[in-house]
Amino acid sequence: MTPIVRTSPPTSFWRALSLAVLVALANIALWTAVNQPKQVPDWDGKIGGFAYSPYQRFQNPLKLIFPTSDEIDADLKLLATRSERIRTYSSLENPAIPAIAKKYGLKVLAGTYLDHRIQRNEDEIAALIDSTRRNDNIDRVMVGNETLLRGDMSIDALIGYIDRVRAQVKVPVSTAEPYWVWMKYPQLAKHVDFITIHLLPYWEKIPRKDAVGIGVLKRYSEMQSAFPGMHILIGEVGWPSAGDRISVATPSVEDEAQFIRQWVKEAASRKIDYYLMEAFDQPWKEGIEGRVGAYWGTYGADRQQKFGFTGTVVEDPSWPLKAAVACLLALLPMFFFARHFIRFRWPGLLFFCILIQISASLLVWSVTLPLAFYLGPFDWTMLVVLFPAQLAIILILLINGFEFTEVLWRKYWLRGFGLLTPEAGEVQPFVSIHLASCNEPPEMVILTLDSLAALDYENYEVLVIDNNTKNEDVWKPVEEHCAKLGARFRFFHLNPWPGFKAGALNFGLKETDARAEVVAVIDADYAVRADWLRALTGYFHDPKVAVVQCPQAHRDWEHNAFRRMTNWEYDGFFRIGMHHRNERNAIIQHGTMTMVRRDLLQNTGEWSEWTICEDAELGLRLMHAGYDLVYVDEVMGRGLTPADFTAYKSQRYRWAFGAMQILKGRWGWMTRKGPLTGGQRFHFLTGWFSWFADALHLAFTLLALTWTAGMLALPEYFTLPLDLFIYPILGFFVFKAVIGIVLYRVRVPCSWKDTLMASIASMGLSHAIARGIYLGLWKKKGEFVRTAKSRRLSKRPNPLAAVQEELLMFIAIILAILGVLGLPGALNSWLSGVHELPGTRHLTDYSEGKLWVAILAAQAIPYLSALIGATVAGRAGEKSG
């Protein structure tokens, strides 16, 4: 079989441009479809009344930051254009409101805020009585607001306050509570002049389409039946424009407009007395009511009307600008991709262009979404910290998507290499095979040596370099076997010797036969095919070829569950990732089943001892020198998978740590234009992004655990993340899982069960990789820990000893999930016999709470996978033992 190196077909400017424009137009069509104007019942009359809290965007009564008289004046002047009545909640705070309201002809329902503070209650009552006597536009008063709902005082104490006020003012008196509180305490009605109820269907989880009929009119009718002859005022009625969804109750501008415009028409036709909840958004309420508490206003905190009372309603009026920016951001990348990869089949071109456009839209959406909410300094700080991580997620999405597209929809590989058939009389280059060994079982090394002795090749030698093995019983049998195999096999025992494996291989270079043109490296556990050298050394007749690499493959895994799952996990990279990289001459050189031109190895600096991934660094160095690396996807030798989960983790940790050493040491090569091609720089910069995803996963998990603890312990500071931020993260998890499984099914010849187990093995390494990434970025030097391929154990080990950190992380996530579900609180209530108040809300009452549980569960998967992997390894070890 001869190598196939094709050139890319001529680029097509117009085909590429047409595809990019087509996808951009489809994007605009999607934005248009999602943001269709909604027809809402018109209302051109007056509003029955507004619940009015006067606080501006950054004001907060809890922090004693109050509005000025001028600000209140501007508010009431605006409200007077829409209504003739307002309702207040405190007589101590902002006492100038009634007098300013009179200036604009507004009637005032004056309120008092009563709670457990006795002296403050007395001050509120005194202020209410005084204000009522001084302001003749106060036509009704409210003694307390949801006081019984909060449990701030007993029913008798509240009645006492109400009776005192009724005795001292000449206007009707009431108190405001949800309808069910009046039903629970019917005696309260005997002490008020009219009943005031709050009807907020959102909090009852009623969908907006049923909110007016079921959530308001039905409750109102029930109250009329329960209290015949009493005037009933709806003191708060409304719908929020943003915030967390509760079950099927969704807050949005469109839903608020639908509710309010439908309600005011119904109220006018039925002559119902009401106050809209509320006039202006009150961001300060988010700390006590959750995110949704800030968004009940008909006007925003900026005093701009959210929607008109006539005509259609659009949820996001700025969507055309966002759609246009997203299209412009994506247009050039889509055109570049389509023009340079026109050789792909059209579904692949379309798929990746759509992925680019989705990424651009997601970026625009992520940047602009926070502007629609009242975020505090803490929220903005978190967003600034997390935005680079979100950019990284988008990049990982595109990088994985490109690999998926090329592997699945290429018409052919541009660079395809297979086995060579030597021509008659062809000169065989002399090959020096180097086998570095450290404390390896002698019987395993001897098997490898016997396979090398059986090579169908004339010109070669084998150097066995045993470094730092202290036990003579381990290395002496190997030395003796080399002597039996003849002069072609030479054994060296080095103790002590620096430089780990790279140091041993550099020693071997100095001992290499002067005739050697090629150095081959093999691990101590590999049994090679007899035609390994004969079928591949012909590539070195091309002076541009520096390396010939075969895949790592494994043996003796078929009847061992752990070795089986790890075998297929390794296989995926060599059947998918290596082909993808080989297209741009950017493969990762591996430390086994590899051959390298000797003079280039020596002249470019030998094996690097400053990194524990000397093989990958050498491959990059040879590319930087301008040479080609050839990947032949043919199994020419098989080794052993790691013996257990500890060894498996240790190896992947070493690879991740070493990759970061290379990234730091060769950063200039990868980021600046030079000898490396654009494709090579792309792969060596982005090829480790999947590992960076593992590092991000650990960071996100720790952040999620911290945030969950904050939501449970300090809910006034920590709120549920917006569902609009959660969906992309869940989408990223799903996308990665789907493309991984699809690629495995297409490229790796294993069963569905093997695919699942390989996925578990891969995910189980996430924590080890994350540690390798962070420590590799932080530290300069790492220790090369050999990967154990077999164990001699005197007693049965605890399989979970290999995954102690993963176990702790898994337990922490499970506790966080239980906390969000409210199980600790429910258990405490059950044990104490104290039942929570009706209307008490839990995190999982909100859709965001359920989504947050889903996020935590997804974050637990890698840690659960590690526990499964370690358990499988332990059981497999017991059976083999």
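Before any of the text, the structure's been laid out above.
Residues numbered from 1 in each chain as written. Predicted model: local features only at pLDDT ≥ 70, side-chain atom pairs only at ≥ 80, totals over all residues. Heavy atoms only, no water.

**Quick look at the overall build of the protein chain**
Point 1. The helix and strand tally for the protein chain stands at 30 helices and 19 strands.
Point 2. Its C-alpha radius of gyration of 36 Å places the protein chain more than 25% over the 29 Å reference for a compact globule of 881 residues.
Point 3. Judged by the C-alpha coordinates and their principal axes, the protein chain covers about 120 × 70 × 45 Å.
Point 4. For the protein chain, with 881 residues in total, the buried portion stands at 56%.
Point 5. Considering only intrachain contacts with a sequence separation of at least 6, the fraction spanning at least 24 residues in the protein chain is 79%.
Point 6. A total accessible area of about 37,800 Å² is found for the protein chain, and carbon and sulfur atoms account for 61% of it. (Helix = DSSP H or I, 4+ residues; strand = E, 2+ residues; numbered from the N terminus. Rg over C-alpha atoms; globule rule 2.2 N^0.38 Å. Buried < 20%, exposed > 50% of the residue type's maximum accessible area, 1.4 Å probe, protein only. Contact = heavy atoms within 4.5 Å. Areas by Shrake-Rupley, 256 points an atom, 1.4 Å probe, with all protein chains shown as cover.)

**Brief notes about the pattern of salt bridges**
For side chains of opposite charge, pairing can occur when their charged atoms come near one another.
Point 1. Throughout the structure, instances matching the rule amount to 44 salt bridges.
Point 2. Between glutamate 406 and arginine 343 there is a salt bridge, with the nearest N and O atoms lying 3.1 Å from each other. Of the two residues, glutamate 406 sits in helix H13 (residues 377-409) while arginine 343 sits in the loop between helix H11 (319-340) and helix H12 (346-368), which places them 63 residues apart along the sequence. As far as the burial class goes, glutamate 406 and arginine 343 line up, both buried.
Point 3. One salt-bridge network, in which partners are shared between bridges, spans Arg343, Glu406, Glu583 and Arg584. (Salt bridge = Lys/Arg side-chain N within 4 Å of Asp/Glu carboxyl O.)

**Comments concerning a nonpolar patch on the surface**
Point 1. Among the surface-exposed residues, Ile811, Ile814, Leu815, Leu818, Leu821 and Leu823 lie close enough to one another that they form a single nonpolar patch of about 480 Å² accessible area.
Point 2. Sort the elements by how many residues they give to the nonpolar patch and helix H28 (residues 804-821) lands first, with five residues.
Point 3. Looking at the secondary structure, you find leucine 818 in helix H28.
Point 4. Assessed through its relative accessible area of 31%, leucine 818 is described here as partly exposed. (Patch = residues over 30% accessible without salt bridge, like charges linked within 9 Å, V, L, I, M, F, W, Y side chains within 5 Å.)

**Considerations on the nonpolar core**
Point 1. Leu76, Ile234, Trp263, Trp688 and Trp852 are the most contacted members of the largest nonpolar core, which has 167 residues in total.
Point 2. Here tryptophan 263 is in contact with Val212, Val216, Leu217, Ile234, Val237, Ile272, Tyr274 and Leu276, once residues within four sequence places are set aside.
Point 3. Membership of the second largest hydrophobic core comes to 46 residues, among which are Met334, Ile342, Phe402 and Phe732. (Core = buried A, V, L, I, M, F, W, Y, C linked by side-chain atoms within 4.5 Å.)

**Things to note about the packing of aromatic side chains**
Point 1. For the coordinates displayed, the defined rule picks out 41 aromatic pairs.
Point 2. Taken together, a centroid distance of 6.3 Å and an interplanar angle of 70° make the contact between tyrosine 570 and tryptophan 655 edge-to-face. Of this pair, tyrosine 570 sits in helix H18 (residues 561-582) while tryptophan 655 sits in helix H21 (residues 645-665), and the two are 85 residues apart along the sequence. Accessibility classification places tyrosine 570 together with tryptophan 655 in one group, the buried group.
Point 3. The ring of tryptophan 752 carries the charged tip of arginine 745 above its face, separated from the ring centre by 4.6 Å. (Phe/Tyr/Trp six-rings, centres within 6.5 Å; stacked < 30°, edge-to-face > 60°. Lys NZ or Arg CZ within 6 Å of the ring centre and 35° of its normal.)

**A few points about the side chain of histidine 579**
Point 1. Here histidine 579 is to be found in helix H18.
Point 2. Setting aside residues up to four positions removed in sequence, histidine 579 forms contacts with Trp413, Phe574, Tyr631, Asp633 and Arg747.

**A word on the sheet that holds strand E18 (residues 628-631)**
Point 1. Strand order in the open sheet formed by seven strands is E13-E12-E11-E14-E17-E16-E18, and the pairing between neighbours is mixed. For this open sheet the edge positions go to strand E13 (489-494) and E18, each flanked by a neighbour on one side alone. Mean inter-strand twist for the sheet, computed between neighbouring axes without regard to direction, equals 20°.
Point 2. In the packing of helix H14 (residues 442-453) onto the sheet, the strands contacted are strand E11 (431-437), strand E12 (460-467) and E13, and the crossing angle to E11 comes to about 175°. (Pairing = 2+ DSSP bridges. Axes fitted to C-alpha atoms, helices over the stretch in contact; angles between N-to-C directions.)

**With respect to the pairing of strand E6 (residues 173-178)**
Point 1. Within E6, six of the six residues are buried, leaving the element largely enclosed by the surrounding structure.
Point 2. The sheet contact formed by strand E5 (residues 138-145) and E6 spans three bridges and is parallel. Considered in E6, the bridge of valine 141 is made with valine 173.
Point 3. Alignment of E6 against strand E7 (residues 195-199), held across three bridges, turns out to be parallel. Each residue of the ladder has a partner; that of glutamate 177, found in E7, is isoleucine 197.
Point 4. One crossover worth recording links E6 to the parallel E7 by way of helix H7 (residues 179-184), and it is right-handed. (Right-handed = clockwise from strand over helix to strand, strands pointing away.)

**As for the pairing of strand E14 (residues 518-521)**
Point 1. A two-sided burial pattern is seen for E14, the buried positions comprising Val518 and Ala520 on one face and Val519 and Val521 on the other.
Point 2. As judged from the four bridges shared by E11 and E14, these two strands associate in the parallel manner. Paired with serine 432 across the two strands is valine 519, which belongs to E14.

**Overview of the packing of H12 against H13**
A pair of packed helices can be characterised by two numbers: the angle between their axes and the separation between those axes.
Point 1. Their axes nearest at 9 Å, the elements H12 and H13 cross at an angle of 175°. It follows from the interaxial angle that H12 and H13 lie roughly antiparallel. The residues of H13 that touch H12, namely those facing Pro347, Gly348, Phe351, Phe352, Leu355, Ile356, Ser359, Leu362, Leu363, Ser366 and Val367, are Phe387, Gln390, Leu391, Ile394, Leu397, Leu398, Gly401, Phe402, Phe404, Thr405 and Trp409.
Point 2. Within the contact of H12 with H13, the residues separate by chemical class into 16 nonpolar, six polar and no charged. (Parallel < 35°, antiparallel > 145°, perpendicular 65-115°, else oblique. Nonpolar A, V, L, I, M, F, W, Y, C, P; charged D, E, K, R; others polar.)

**Let's talk about the environment of leucine 414**
Point 1. You can see leucine 414 is positioned in the loop between H13 and strand E10 (415-416).
Point 2. For leucine 414, a relative accessible area of 11% puts it in the buried group.

**A word on the side chain of glutamate 177**
Point 1. With respect to the secondary-structure elements, glutamate 177 resides in strand E6.
Point 2. Despite being buried, glutamate 177 has no salt bridge partner; arginine 150 is the closest side chain of opposite charge, sitting 6.8 Å away. (Lys, Arg positive; Asp, Glu negative; His and termini not counted.)

**Quick word on the packing of helix H24 (residues 689-713) against helix H27 (residues 766-778)**
Point 1. Two elements in contact, H24 and H27, have axes separated by 8 Å at closest approach and are oriented at 95°. Here H24 is positioned roughly perpendicular relative to H27, judged by the angle of their axes. Counted together, Trp691, Phe692, Asp694, Ala695, Leu696, His697, Leu698 and Ala699 of H24 and Ser766, His767, Ile769, Ala770, Ile773, Tyr774 and Leu777 of H27 form the full contact between these two elements.
Point 2. Its residues placed into classes, the contact of H24 with H27 shows 11 nonpolar, three polar and one charged.

**So, the state of the cysteines**
Point 1. Following the criterion strictly, the structure yields zero disulfides and no others.
Point 2. Here cysteine 613 stays free of any disulfide, with the sulfur of cysteine 438 as its closest cysteine sulfur at 16 Å. (Disulfide = S-S within 2.5 Å.)

**Quick word on the environment of leucine 756**
Point 1. For leucine 756, the location among the structural elements is in helix H26 (residues 752-763).
Point 2. Considering only alpha carbons, one finds leucine 756 and lysine 209, 547 residues apart in sequence, at a separation of 44 Å.

**Some remarks on unusual backbone geometry**
Point 1. With an omega of 0°, the peptide bond between methionine 277 and glutamate 278 qualifies as cis.
Point 2. Structurally, the position occupied by glutamate 278 is in the loop between strand E9 (273-276) and helix H10 (286-289).
Point 3. Proline 496 follows asparagine 495 through a cis peptide bond whose omega is -5°.
Point 4. Here proline 496 shows up in the loop between E13 and helix H16 (500-511).
Point 5. In this structure, phenylalanine 500 is a non-glycine residue whose phi angle is positive, near 55°.

**Quick notes on the environment of isoleucine 125**
Point 1. Relative to the helices and strands, isoleucine 125 resides in helix H4 (residues 118-134).
Point 2. With a relative accessible area of 1%, isoleucine 125 lands in the buried category.
Point 3. Each C-alpha atom of the pair isoleucine 125 and phenylalanine 689 lies 64 Å from the other, and the pair is 564 residues apart in sequence.
Point 4. Residue contacts for isoleucine 125: discarding those within four places in its chain leaves Leu114, Val143, Tyr161, Arg164 and Val165.

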